[in-house]
Amino acid sequence: MHAKLLAIRDQVQARNPGEVEFHQAVDEVFESLGPVMERHPEYVEAAVLERLCEPERQIIFRVPWTDDSGHVQINRGFRVEYNSALGPYKGGLRFHPSVYLGIVKFLGFEQIFKNALTGMPIGGGKGGSDFDPRGRSDAEVMRFCQSFMTELYRHIGEYTDVPAGDIGVGGREIGYLFGQYKRITNRYESGVLTGKGLGWGGSLVRPEATGYGTVLFANEMAKTRGGSFDGKRVIVSGSGNVAIYAMQKAQQLGAVVLACSDSDGYVVDEAGIDIELVRQIKEVERGRLKEYAERRGSAVYVAGGSVWDVDAEVALPCATQNELGEAAAVRLVNAGVKVVAEGANMPCTPEAVTVFQKAGVLFAPGKAANAGGVATSALEMQQNASRDSWTFEHTEQRLTEIMVGIHDRCAETAELYGQPGNYVLGANVAGFVKVAEAMLAQGLV
Ligand code: NDP
């Protein structure tokens, strides 16, 4: 790492002790920025990086609620408003027991560059809670969401900060959050949240966008070597929002999706994953993936195993951070993997990324590959602002153009910096330069 960057990195670690995921995300970006610092001494002069690493605002709050048996529960809520150089803070809310400040900051930091790459006018932010929706009734989830929004509402707004979903926050939670925001503020402010239901301000293609976008990006990478998804064996981790629609788009492009997972295990289905069945079990019934194999003869369920043990040409990690380590990467390379695209945020460890890059695998980092979700959220904001709603075809066309644009921007930037095919460098540098230029123009704020 460049000496100046190393010094800033050490400072970041000292100021934010124990936030290991945040440190990892900063390191990953800094590893790419050495040549940028050489070309742009004005960024060093204006302390752009030091400023970027310090969120503009961090909000931590108590979320009290009562469960169905009348017991009081206390969770912790977070919103990190990271950077608003390009637009209102934008990024999802995650409800998962593992959530703490270090996770929210890693996600918020990544979000700044991801949002810049989309070319849309959105800044970076992220939030969430250590609340675990698993096993909770609808009424409990509603009471939790209402309590969460009772504090959050004062910090957000269509021109200030626009949250969306992430792990554990889907259409149901966005509905409860929006309802409470509307009730407290007495405003039907559609643009304050994205991922809304179709009948009340949501956008077609938003549910599909992250997964579809990941596959569209991977397909663009494959094309650079004359390849495609047609006939390829694909494995996907997770079985949530991103995973389901990544599998759907891969199948639409002619691939055979062999396996997917949840946090308890994975299923292999040699006949190709039946996506409607996964959706029914996971999204509608809120059940476990184990039930998939119980209902489908061609499938086998492996409890506690790793989906990365299945041989494939394309691997799409779509579950959570650091879920694909060095050993799994080596195994996948030996099994002939050619394309890896991160649908999740930072699912591959730095060691795994190095293995893929050294082996010449086409590797797409999450901040580029999964940017289709937030880009379509920005399209939802556009529709809300103009009180319009677009067709599925038009919106998907926009998403496709955006993903091709992000791919090309990353590829061109990597080439400009002498590392053709290095999408990690391309994404980090292209995203960073866009934000740095805006920060310089806006002065020391
Ligand atoms: P969901 O909650 O819909 O699904 C998450 C999936 O990952 C589930 O199958 C879940 O399994 C699994 N999972 C979650 N945590 C763990 C864990 N600790 N270990 C193993 N498996 C786990 O979330 P999304 O699909 O929305 O998000 C997935 C990833 O994509 C996240 O990294 C998110 O930040 C990223 N992302 C999401 C976007 C979106 O638009 N939704 C946009 C951009 C990025 P189980 O059911 O067992 O919990």
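Residues numbered from 1 in each chain as written. Predicted model: local features only at pLDDT ≥ 70, side-chain atom pairs only at ≥ 80, totals over all residues. Heavy atoms only, no water.

An unreviewed UniProt entry annotates the chain as Glutamate dehydrogenase originating from Sinomonas cellulolyticus. Recorded in UniProt under Subunit (unreviewed entry), the annotation for the chain is "Homohexamer." Per UniProt, the chain carries the Sequence similarities (unreviewed entry) text "Belongs to the Glu/Leu/Phe/Val dehydrogenases family." (UniProt positions renumbered as here; feature names shortened; annotations may be inferred.)

## Topic: the domain arrangement of the chain
What the domain assignment reports for the chain is domain 1 (1-53), domain 2 (55-188) and domain 3 (207-369). Between the C-alpha centres of domain 2 and domain 3 the distance comes to 27 Å. Listed as interface residues are 13 residues of domain 2 and, on the opposing side, 12 residues of domain 3. Together, Phe106, Glu110 and Arg134 form the three largest contributors to the area buried by domain 2 at its contact with domain 3, with a combined 43%. Across the domain 2-domain 3 interface, the total number found is 2 salt bridges. Between Arg134 and Asp264 there is a salt bridge whose closest N-O contact spans 3.6 Å. The interface formed by domain 2 and domain 3 holds 4 residue pairs in polar contact (both at pLDDT 80 or more) in total. Per-element accounting of the side of domain 2 that touches domain 3 gives the leading share, 7 residues, to helix H5 (residues 101-118). (Domains from an automatic or database assignment. Contact = heavy atoms within 4.5 Å. Buried area = accessible area lost by both parts, 1.4 Å probe. Salt bridge = Lys/Arg side-chain N within 4 Å of Asp/Glu carboxyl O. Polar contact = N/O pair within 3.5 Å; in protein donor to acceptor, adjacent residues only side chain to side chain. Helix = DSSP H or I, 4+ residues; strand = E, 2+ residues; numbered from the N terminus.)

## With respect to the sheet that holds strand E8 (residues 265-269)
Pairing in this open sheet of 7 strands is mixed, and the strands run E9-E8-E7-E6-E10-E11-E12 from one edge to the other. Here the strands that pair on one side only, and so sit at the sheet edges, are strand E9 (299-303) and strand E12 (362-364). Within this sheet the neighbouring strands show an average axis-to-axis angle of 15°, counted without direction. The sheet contact formed by strand E6 (residues 233-237) and strand E7 (residues 256-262) spans 3 bridges and is parallel. Paired with Arg233 across the two strands is Val256, which belongs to E7. (Pairing = 2+ DSSP bridges. Axes fitted to C-alpha atoms, helices over the stretch in contact; angles between N-to-C directions.)

## Comments concerning the site of the ligand
Asp166, Thr210, Ser263, Lys282 and Arg288 are the nearest of the 26 residues found near the ligand. Side-chain polar atom of Ser263 to an oxygen atom of the ligand: 2.4 Å apart, as the coordinates give it. Taken by itself the ligand offers 890 Å² of open surface, and the protein chains cover 82% of this. Sorting the residues of the shell around the ligand by element identifies helix H8 (206-223), helix H9 (241-252) and E7 as the ones contributing at least two each. Its residues assigned to classes, the shell around the ligand shows 5 nonpolar, 13 polar and 8 charged. Residue-level mapping places the shell around the ligand at the junction of two domains, with at least three residues from each of domain 2 (55-188) and domain 3 (207-369). (Near = heavy atom within 4 Å. Areas by Shrake-Rupley, 256 points an atom, 1.4 Å probe, with all protein chains shown as cover. Nonpolar A, V, L, I, M, F, W, Y, C, P; charged D, E, K, R; others polar.)

## Overview of the packing of aromatic side chains
Ring pairs (aromatic) are described by centroid distance and by the angle formed between their planes. By the definition in use, this model includes 18 aromatic pairs. When the centroid spacing of 6.0 Å and the interplanar angle of 85° are considered together, the rings of Phe95 and Phe131 count as edge-to-face. Of this pair, Phe95 sits in strand E3 (residues 89-95) while Phe131 sits in the loop between strand E4 (124-129) and helix H6 (138-152); the two residues are 36 residues apart in sequence, bridging distant segments of the chain. As far as burial versus exposure is concerned, Phe95 and Phe131 are alike and both buried. An aromatic cluster is built from Phe61, Trp65, Phe95, Phe131, Phe144 and Phe148, whose rings are joined through pairwise contacts. Above the ring of Tyr212, the side-chain terminus of Lys249 is found at 4.5 Å from the ring centroid. (Phe/Tyr/Trp six-rings, centres within 6.5 Å; stacked < 30°, edge-to-face > 60°. Buried < 20%, exposed > 50% of the residue type's maximum accessible area, 1.4 Å probe, protein only. Lys NZ or Arg CZ within 6 Å of the ring centre and 35° of its normal.)

## Notes on the environment of Pro163
Position of Pro163 among the secondary structure elements: in strand E5 (residues 161-164). For the pair Pro163 and Ala371, spaced 208 residues apart in sequence, the C-alpha to C-alpha distance is 15 Å. Pro163 has contacts with Arg79, Lys90, Gly91, Leu93, Leu152, Ile156, Val192, Leu193 and Thr194, leaving out every residue within four places of it along the chain.

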